[in-house]
Structures are given as C-alpha cells and as structure tokens.
Amino acid sequence: MNSRVTQLYMQLLHEIIRKRDNALELAQMENKILNQTSEMQQLTSRYKDLEHKYQHLASLATNQSALIALLEEQCQSRPPPRHVPVPQPRPQPPPPSPPLNKPYPPPALPRINNPISNEIQSDQKSLPPLLLPMPTGTHSPSTTDKPSVAPGKNQSYVPPKQQTLSGRTEQGRAGQLSGLYLLNRDIPESPFKDCLQALEDGHTASGMYLVKPENANRLMQVWCDQRHDPGGWTVIQRRVDGSVNFFRNWETYKQGFGNIDGEYWLGLENIYWLTNQGNYKLLVTLEDWSGRKVFAEYASFRLEPEADFYKLRVGRYHGNAGDSLTWHNGKQFTTLDRDHDAYTGNCAHYQKGGWWYNSCAHSNLNGVWYRGGHYRSRYQDGVYWAEFRGGAYSLKKVVMMIRPNPNTFH
Ligand SMILES: [Ca+2]
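These numbers were taken from a predicted model, which means no experiment stands behind them.

Turning to the overall build of the chain, a few remarks are in order. Along the backbone of the chain there are 8 helices and 14 strands. Taken over 410 residues, the chain has a buried fraction of 47%. Sequence-distant contacts in the chain: of pairs separated by 6 or more residues, those separated by 24 or more amount to 61%. If you sum the accessible surface of the chain, you get close to 22300 Å²; carbon and sulfur atoms cover 54% of it.

Here you go:
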C-alpha cells in the first residue's frame, strides 16, 4: 500500500514539474514575441526617419533643379559675350546609325531617352525660383597669358595648410583656389611641353609642374603622374573625394577649375593646346567602391578648337573597363549654359556636369560624386562609366591623363 502511495506521489510530482516546465517555456516564448515586437517597432520608426530624410533630400534636389532652370533662363536671355566668336554652324555629320559601338542598353538611360522628358523640363521650369547664390565667376587659376614670367615667382609662399579642403561652400572654394595657385615654390621653373618632357628631363617625382605647350601662348600648372607606368602622364581630370563642384558653366570648363593636388579639371583650352602639339593617347583609370580598378585607353585623343566647341576626337579603344567614350567621339562639349548635344534638351542640365554629351551619355566623369557607389537621384547624374558599373553607380576614383603616342594613327 505504502509503495503504491509513493508511486502515485512520484507520478504527481513528475506531472507538476512537467507543467512548470511548460509554463516556463510559454513565458520564454512570450518574452521572445515581446522582444520581436519591440524590434519591429524600432525598425518602423527608423524606416519613418529615413523616409522623412529622403523626402527632405528629394525636396532639396527639386529646389536645385528649379534653380538650374532659372539659371538656364538667365543664361539664355543674356547677350553672347563679345570675346567669343560667333561660330558659323557647321554641317553636322549624320549620327552613326547604328552607333559606332554597340547600341546603348536601354536600362542605363531610362529617363534621358524618354520621349516625355521635355515634360519633365517644363515641369521644372514652373517651379518657384530660388534665391540661392551660384558662382558664375570664371576664375582661371591654371593659366596666364604672360609666358615669359613664371606665375607666382615673386609671390609669397602659402603654407600648405591653407590648401587643405576647408569646406564645401563655393566661397570657400574660390578662396582656396587663389591660395593654392600661389604655391609655386616647388614647381620646376622652366616650362616643359608636357609631363613626358619633364620626366625625360629627370623630373621623376609626381607633382605639380609648369607646362607650356608648343605654339601656345600660355602657361599652365598641371599634375604630372610620373609613377603610373611608364610615367610622363599629364593629368587632365581627377575625381577622388567630391570636394569640388563640377556643375560649372562653359567659361569655367574652358579655363579649368579645382585643386591641382586634388580634384580638378584642367580646362578645355589647356587640353586643346596640349593635345594639338602632337599625337596623344588618353588613359582613363577608374576605381569602384570595392577597390576594383580598371582602365580604358584610347590610342589617340585631341580636341578641336573652341570655334568647334572642343569637339572630341578619340581613337581606338583598349582596356578592361569597357568602352564608354567612343559613343561620344565627334561630339562637341556641352555645359549647363551651352547646349551642343544631340538630345532635344540639355544633357548637362540632367547629368549635372560638362561633357561631350551625345544623347546623352555612356560616361559622365564630370558628374556628381556620390559616396558609396549606387546612388538615388532623379536623373542619371553620378560619376559613371556605363560599360564598367552602369549608369546608376557613381565611381570612387577617376583620373583622365594623356601622354604622347607618336606611333598612332588618328
Ligand atoms: Ca541639346
């Protein structure tokens, strides 16, 4: 009898423990559900924050587009500058049909090729104008018309710290430009025709050099890359950190802008003089945000004079980046205020740069430098090379440089 009672008692005890375990498990499950719910709430609130931020940015972009439209109108209503010869319209060669290279894949330019894009433009023009200041100055830091005098020879040395990027405002940029170009102490004084000549003269260090192309009545400061194999490269464009605004007008693209030891555009006039003193090749080096480096080389590269709006002439492609420039061959340069592209609107307006736009671009190396690669924008305006990472990916580093290539046929 006793043993039966004990057995029943043990059974009961076991039952109680099992039920307690179940209750414990239930409580744990409840906790988990509560945790998950709170996590979801956090995520929802973060998502709302992000949505809010995105709306704010989108409204900023819209405002900027309105400002651009306003500036465009102002530029169009302004009489043409006196010193610019009014070129006779030349008969344009018919656009290659099909284009020289493979047809452009539609996904890369969905908006620009959209026939209703005019609607977008007129829509923008109807937006309220803004009163934000925008520089229209034509600061010409890299050239001088007095070749007999090395610029800055008698000017005071500016401590290097004044060259550092102090801010992203245009005012700061302008001050920085004039500061930077006073720094001539380290620049070899006798001008070379290009960086290769400097290299052959024993200047094997990369850096700022003073260059004077043959037949050109101008001196220019350039960055010579003497390390990139085999050295002797004259850098004409560089993007590395987004510190310089490349959405500039014609005159600024003509003269050049930026910082010789950072981001810069050498200037169409300078590039014209450099590339017309011999046969030059163009090397474009590109780096994405995962550190992948590729290149595109063109066996010849030169620009037509300003009377032909610095029309692009590039030769045979070679490289591992893909060819995103041949489609622009034979195209004139277009900026915000000078539309020479093949598109009904102004490509520079949408792509936020200056380039040899066609209708519009396989490459947009003077576009907006976006951090991180994939960017979200109303237009395809990043620093891109479509055949490498597509038009919706803004590259991290881009350098365009030239070097004599005597064995080239144009
Ligand atoms: Ca156009």
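And the narrative resumes.
With that out of the way, let us pick up helix H6 (residues 268-275). Buried residues dominate H6, accounting for 7 of its 8 residues. Listed in full, the buried residues belonging to H6 are Leu-268, Glu-269, Asn-270, Ile-271, Tyr-272, Leu-274 and Thr-275.

On the surface, Tyr-9, Met-10, Leu-12, Leu-13, Ile-16 and Ile-17 cluster together to form a nonpolar patch covering roughly 580 Å² of accessible area. Relative to the helices and strands, Tyr-9 is located in helix H1 (residues 2-77).

In this section: the pairing of strand E14 (residues 397-404). Burial within E14 is extensive, with 7 of its 8 residues counted as buried. Across 5 bridges, strand E4 (residues 233-239) lies against E14 in antiparallel orientation. Bridging across to E14, Gln-237 finds its partner in Met-400. Here strand E7 (residues 280-287) runs beside E14; their pairing, made up of 8 bridges, is antiparallel.

Bringing the pattern of salt bridges into the picture now. For the structure shown, the criterion picks out 10 salt bridges. A salt bridge links Glu-15 to Arg-18, with the nearest nitrogen and oxygen atoms 3.0 Å apart. Taken as a pair, Glu-15 and Arg-18 lie in helix H1 at a separation of 3 residues, close to a single helical turn. Here Glu-306 makes a salt bridge to Lys-254, at a shortest N to O gap of 3.0 Å. With Glu-306 in the loop between strand E9 (301-303) and strand E10 (312-314) and Lys-254 in helix H5 (residues 250-255), this residue pair connects regions lying 52 residues apart in the sequence. We note that Glu-306, like Lys-254, is buried. Counted as one network, the salt bridges with shared partners bring together Arg-302, Glu-304 and Arg-313.

Quick look at the coordination of the calcium ion now. Distances from the calcium ion to its protein donors, Asp-339 (OD), Asp-339 (OD), Asp-341 (OD), Tyr-343 (O) and Gly-345 (O), fall within 2.2 to 2.5 Å. Sequence spacing among the residues donating to the calcium ion works out to D-x1-D-x1-Y-x1-G. Considered together, Asp-341 and Gly-345 belong to a single accessibility category, that of buried residues.

Where burial is concerned, most of E7 is hidden: 8 out of the 8 residues are buried. One ladder, built from 6 bridges, connects E7 with strand E8 (residues 293-298); its direction is antiparallel. Paired with Leu-283 across the two strands is Glu-297, which belongs to E8.

A few words on the packing of aromatic side chains. For the structure shown, the criterion picks out 17 aromatic pairs. Summarising the aromatic geometry, the rings of Tyr-253 and Phe-257 are spaced 5.1 Å apart at their centres and angled 90° between planes, so their arrangement reads as edge-to-face. Considered together, Tyr-253 and Phe-257 belong to a single accessibility category, that of buried residues. Sitting above the plane of the Phe-246 ring, Arg-239 keeps its charged end 3.8 Å from the centroid.

Attention now goes to the side chain of Lys-254. We classify Lys-254 as buried; its relative accessible area is 11%. Not counting chain neighbours up to four residues away, the residues in contact with Lys-254 comprise Gly-267, Leu-268, Glu-269, Glu-306 and Tyr-310.

Okay, the state of the cysteines next. Two cysteines form a disulfide when their sulfur atoms are joined by a covalent bond. Under the defined criterion, the tally for this structure stands at 2 disulfides. In this model Cys-195 forms its disulfide with Cys-224; the gap between the sulfur atoms is 1.9 Å. The S-S bond linking Cys-195 to Cys-224 shows a torsion near -75°; that makes this disulfide left-handed. Placement of Cys-195 in helix H4 (residues 195-200) and of Cys-224 in strand E3 (residues 219-225) is noted, with a sequence separation of 29 residues between them. For the pair Cys-195 and Cys-224, a shared accessibility class is recorded, and that class is buried.

Mean pLDDT over the chain works out to 77, with 71% of the residues at or above the 70 mark. Counted against residues more than four places away or in other chains, residues 80-185, with its pLDDT under 50, gives 156 contacts.

Procedures and definitions
- Residues numbered from 1 in each chain as written.
- Predicted model: local features only at pLDDT ≥ 70, side-chain atom pairs only at ≥ 80, totals over all residues.
- Heavy atoms only, no water.
- Helix = DSSP H or I, 4+ residues; strand = E, 2+ residues; numbered from the N terminus.
- Buried < 20%, exposed > 50% of the residue type's maximum accessible area, 1.4 Å probe, protein only.
- Contact = heavy atoms within 4.5 Å.
- Areas by Shrake-Rupley, 256 points an atom, 1.4 Å probe, with all protein chains shown as cover.
- Patch = residues over 30% accessible without salt bridge, like charges linked within 9 Å, V, L, I, M, F, W, Y side chains within 5 Å.
- Salt bridge = Lys/Arg side-chain N within 4 Å of Asp/Glu carboxyl O.
- Pairing = 2+ DSSP bridges.
- Donors = N, O, S within 2.8 Å, 3.2 Å for Na, K, Ca; no water.
- Phe/Tyr/Trp six-rings, centres within 6.5 Å; stacked < 30°, edge-to-face > 60°.
- Lys NZ or Arg CZ within 6 Å of the ring centre and 35° of its normal.
- Disulfide = S-S within 2.5 Å.
- pLDDT = per-residue confidence, 0-100.

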